[in-house]
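Each chain, letter by letter, is given below.
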Amino acid sequence: MSAPKKLFIKTYGCQMNVYDSERMAEALGGEGYVETKSPDDADMILLNTCHIREKAAEKVYSELGRFKGLKAEKPDLKIGVAGCVAQAEGQEIMRRQPLVDLVVGPQSYHRLPEMEAKAREGEKVLDTDFPEEDKFEKLKNRPKAKRGPTAFLTVQEGCDKFCAFCVVPYTRGAEVSRPADRILREAQDLVERGVREITLLGQNVNAYHGAGANGDMTLAQLIWELDKVDGLERIRFTTSHPNDMQDDLIEAHGTCAKLMPYLHLPVQAGSDKILKRMNRAHTAESYLRLIERIRAARPDILISGDFIVGFPEETEADFQATLDLVEEVKYGTAYSFKYSTRPGTPAAERPQVDPKEADDRLQRLQALLTKQQREVQDSMVGRDVTVLFEKAGRFPGQMVGKSDYLHAVHVADCDRAIGNLARVRILSSGANSLAGALID
Ligand code: 5AD
Ligand code: SF4
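Since the structure is predicted, the reported quantities are computational estimates derived from the model, not experimental observations.

Notes on the site of ligand 2
Move 1: Close contacts around ligand 2 come from Cys-159, Lys-161, Phe-162, Cys-163, Phe-165, Cys-166, Val-168, Pro-169, Asn-204, His-241 and Arg-280, and that covers them all.
Move 2: Each residue belonging to the shell around ligand 2 can be placed in one class, and the counts come to seven nonpolar, two polar and two charged.

Laid out in structure tokens, this is it:
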């Protein structure tokens, strides 16, 4: 038997890319590839890229440049670019960086085995189609390997919202939901392989409307079906749009014990003028009222968000409105970004904010968000939470896991195995994690 070929995948960007990289590794696993942690001994290198901000996209080219020496030493090495930069730039990638053999967009991963075979024959291959078929169905020839206790599962992809700053509707395409039975089968399979917590993924996950036995299902209905899967202990989902936060999903946060008290609900900005220009189709007030309703259903829910500062024509007063909104919501965690011009999006044509001013705003917003995050984390001290253990800690006998609220928790003298859940009393709060002790 010939030695297995080695595959090195580097993943940039969001959790959906992490999921997609796993699927690509499985697809190429069927072609005799095993994963390696180092590009140096790889027969194939795949960069699974992100196009959301300029910096993310540029990283790809600098990374590719670094493989020049490797390819010179090893002419059989194949280099591929996958993900959203592949979708957005296509052929341009091979023109800018001739050492690339293969460019594959996010909707074509199921065609990777054929593409790899062509690349092996010396062809340059590109596929950035948006085919009709369900790529995940075609990617099923996976080995039944054991998995860690947490996993991502894509249920919805693409976006029809067209926020004025965002490339996702162009790179990931129109919103598509996977049928419920396929998701449930995949969830069952994950649980059989050791998974205890599943995070449902979608660029607009709460717009989910996949086919079910009796017509289209909502995300909440899908969650209730997953609730019935024995051995699955926790359900999360990300990322949601405020306008798709339907009543049954809010209610599920109060009534579904497996649905975790954590919600990532990006608002982007606090000024109605900017929200309108962002084409967000909600106001600061409607977002705040929505948060109130969610907290009425689940008072202890931890709210997370995304923010953009320095969007075209944002004034100091507009920015102040963002700070005011943050003060009101009190975020448990948040991601904040300086606006990055994306060619082809509507906002790219508009008058830009002075970059120094935008930097200054980002720092001020991050200072406030960090303070809130710390306060919310500190407020856990003295409380009892459930922890799902994910790995051993740095010290003998120590285990690390995540609480229901997604805080990292360290537990000393812990006799529980990876994949176990236990009640833990939180004793202290550190820079980025909590420490606690087993209760029983
Ligand atoms: N510039 C800065 N941040 C952006 N995001 C999306 N597009 C841009 C952009 N052009 C942010 C949004 C989104 C998150 C995934 O990335 O906050 O919610
Ligand atoms: Fe991008 Fe999210 Fe807006 Fe869709 S809803 S365009 S993914 S920011």
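Topic: the packing of aromatic side chains
Move 1: The tally for this structure, following the rule as stated, stands at four aromatic pairs.
Move 2: Where Phe-162 meets Tyr-170, the ring centres are 5.6 Å apart and the plane angle is 75°; that geometry is what we call edge-to-face.
Move 3: Residue classification places Phe-162 among the partly exposed residues on the basis of a relative accessible area of 36%.
Move 4: What links up through ring pairs into an aromatic cluster is the set Phe-165, Phe-311 and Tyr-339.
Move 5: One residue, Arg-96, lies across the ring of Tyr-61, its end atom 3.6 Å from the ring centre.

A look at the pairing of strand E19 (residues 408-411)
Move 1: Across four bridges, the pairing between strand E18 (residues 399-403) and E19 is antiparallel. Paired with Met-399 across the strands is Val-411, a residue of E19.
Move 2: The antiparallel pairing of E18 with E19 creates a hairpin that spans four residues between the two strands, and Leu-406 there sits at a positive phi of about 75°.
Move 3: Relative to strand E21 (residues 434-438), E19 is paired through three bridges, and the arrangement is parallel.

Here we look at the packing of helix H1 (residues 15-29) against helix H6 (residues 112-120)
Move 1: Following both chains from N to C, one finds H1 and H6 inclined at 60°, their axes separated by 9 Å at the closest point. It follows from the interaxial angle that H1 and H6 lie oblique. Helix-helix and strand crossings are classified by hand; for H1 and H6 the assignment is right-handed. Along the contact surface, H1 presents Met-24, Ala-27 and Leu-28, while H6 presents Leu-112, Pro-113 and Glu-116.

Quick word on the site of ligand 1
Move 1: All residues adjacent to ligand 1 are Ile-52, Arg-53, Phe-165, Gln-268, Asp-306, Ile-308, Phe-337, Lys-338, Tyr-339, Ser-340 and Arg-342.
Move 2: At a separation of 2.9 Å, an oxygen atom of ligand 1 approaches a polar side-chain atom of Arg-53.
Move 3: In this structure, Ser-340 approaches ligand 1 through a main-chain N or O atom, which is 2.8 Å from a nitrogen atom.
Move 4: When the free accessible area of ligand 1 is taken as 400 Å², the share hidden by the protein chains comes to 87%.
Move 5: Secondary-structure elements contributing two or more residues to the shell around ligand 1 are strand E15 (302-309) and strand E16 (333-338).
Move 6: Per-class residue counts for the shell around ligand 1 are five nonpolar, two polar and four charged.

Here we look at the nonpolar core
Move 1: Judged by nonpolar contacts, the single largest core of 72 residues is most densely connected at Leu-200 and Tyr-331.
Move 2: Core analysis: the next-biggest nonpolar cluster, separate from the first, contains 23 residues, Tyr-12, Leu-47, Cys-50 and Ala-86 among them.

Overview of the pattern of salt bridges
Move 1: Within the structure shown, the criterion is met by 40 salt bridges.
Move 2: With a closest N to O distance of 3.4 Å, Glu-63 and Arg-66 form a salt bridge. Here Arg-66 and Glu-63 lie together in helix H2 (residues 54-66), a separation of three residues that amounts to about one turn.
Move 3: Across the pair Arg-361 and Glu-314 runs a salt bridge whose closest N-O atoms are separated by 2.9 Å. Here the residue Arg-361 occupies a position in helix H15 (residues 355-378), and Glu-314 occupies one in the loop between E15 and helix H14 (316-329), the gap between them amounting to 47 residues.
Move 4: A network of salt bridges, in which partner residues are shared, links Glu-314, Glu-316, Glu-357, Asp-360, Arg-361 and Arg-364.

Describing unusual backbone geometry
Move 1: Put simply, Thr-238 and Thr-239 share a cis peptide bond, and its omega is 5°.
Move 2: Inspection of the secondary structure puts Thr-239 in the loop between strand E13 (234-238) and helix H11 (247-255).
Move 3: The backbone of Ala-281 shows a phi angle near 60°, a positive value even though the residue is not glycine.
Move 4: The phi dihedral of Glu-313 falls on the positive side, at around 70°, and the residue is not glycine.
Move 5: Mapped onto the elements of the fold, Glu-313 is located in the loop between E15 and H14.
Move 6: Since its relative accessible area comes to 32%, Glu-313 is described here as partly exposed.

Comments concerning the sheet that holds E13
Move 1: The sheet built from three strands is open, its strands ordered E7-E10-E13 with parallel pairing. Two strands in the sheet have a free side with no partner beyond their single neighbour: strand E7 (150-154) and E13. For this sheet the average axis-to-axis angle between neighbouring strands, irrespective of direction, equals 25°.
Move 2: Inspection of the sheet shows strand E10 (residues 197-201) paired to E13 by five bridges, in the parallel sense.

A word on the sheet that holds strand E17 (residues 384-392)
Note on sheets: strands pair through backbone hydrogen bonds, and any given pair is parallel or antiparallel.
Move 1: Overall, mixed pairing links the five strands, which are arranged E17-E18-E19-E21-E20 in a closed barrel. The mean angle between the axes of side-by-side strands here comes to 50°, regardless of whether they run parallel or antiparallel.

Side note on the pairing of E7
Move 1: The element E7 is largely enclosed, with a buried count of four among its five residues.
Move 2: Alignment of E7 against E10, held across five bridges, turns out to be parallel. Residue pairing in the sheet places Thr-150 in a bridge with Glu-197 of E10.

Examining the environment of Thr-36
Move 1: Mapped onto the elements of the fold, Thr-36 is located in the loop between strand E2 (33-35) and strand E3 (44-49).
Move 2: What makes Thr-36 buried here is its relative accessible area of 12%.
Move 3: Taking the C-alpha atoms as reference, Thr-36 lies 44 Å from Ile-291; in sequence the two are 255 residues apart.
Move 4: With sequence-adjacent residues up to four places away left out, Thr-36 is seen in contact with Lys-6, Leu-7, Phe-8, Asp-41 and Ala-42.
Move 5: A polar contact of 3.1 Å, which involves the side chain of Thr-36, links it to the backbone nitrogen of Ser-38.
Move 6: A distance of 2.8 Å separates the side chain of Thr-36 from the side chain of Asp-41, its partner in a polar contact.

Procedures and definitions
Residues numbered from 1 in each chain as written. Chains lettered and ligands numbered in written order. Predicted model: local features only at pLDDT ≥ 70, side-chain atom pairs only at ≥ 80, totals over all residues. Heavy atoms only, no water. Near = heavy atom within 4 Å. Nonpolar A, V, L, I, M, F, W, Y, C, P; charged D, E, K, R; others polar. Phe/Tyr/Trp six-rings, centres within 6.5 Å; stacked < 30°, edge-to-face > 60°. Buried < 20%, exposed > 50% of the residue type's maximum accessible area, 1.4 Å probe, protein only. Lys NZ or Arg CZ within 6 Å of the ring centre and 35° of its normal. Pairing = 2+ DSSP bridges. Helix = DSSP H or I, 4+ residues; strand = E, 2+ residues; numbered from the N terminus. Axes fitted to C-alpha atoms, helices over the stretch in contact; angles between N-to-C directions. Parallel < 35°, antiparallel > 145°, perpendicular 65-115°, else oblique. Left-handed = near helix turned anticlockwise from the far one by under 90°. Contact = heavy atoms within 4.5 Å. Polar contact = N/O pair within 3.5 Å; in protein donor to acceptor, adjacent residues only side chain to side chain. Areas by Shrake-Rupley, 256 points an atom, 1.4 Å probe, with all protein chains shown as cover. Core = buried A, V, L, I, M, F, W, Y, C linked by side-chain atoms within 4.5 Å. Salt bridge = Lys/Arg side-chain N within 4 Å of Asp/Glu carboxyl O.

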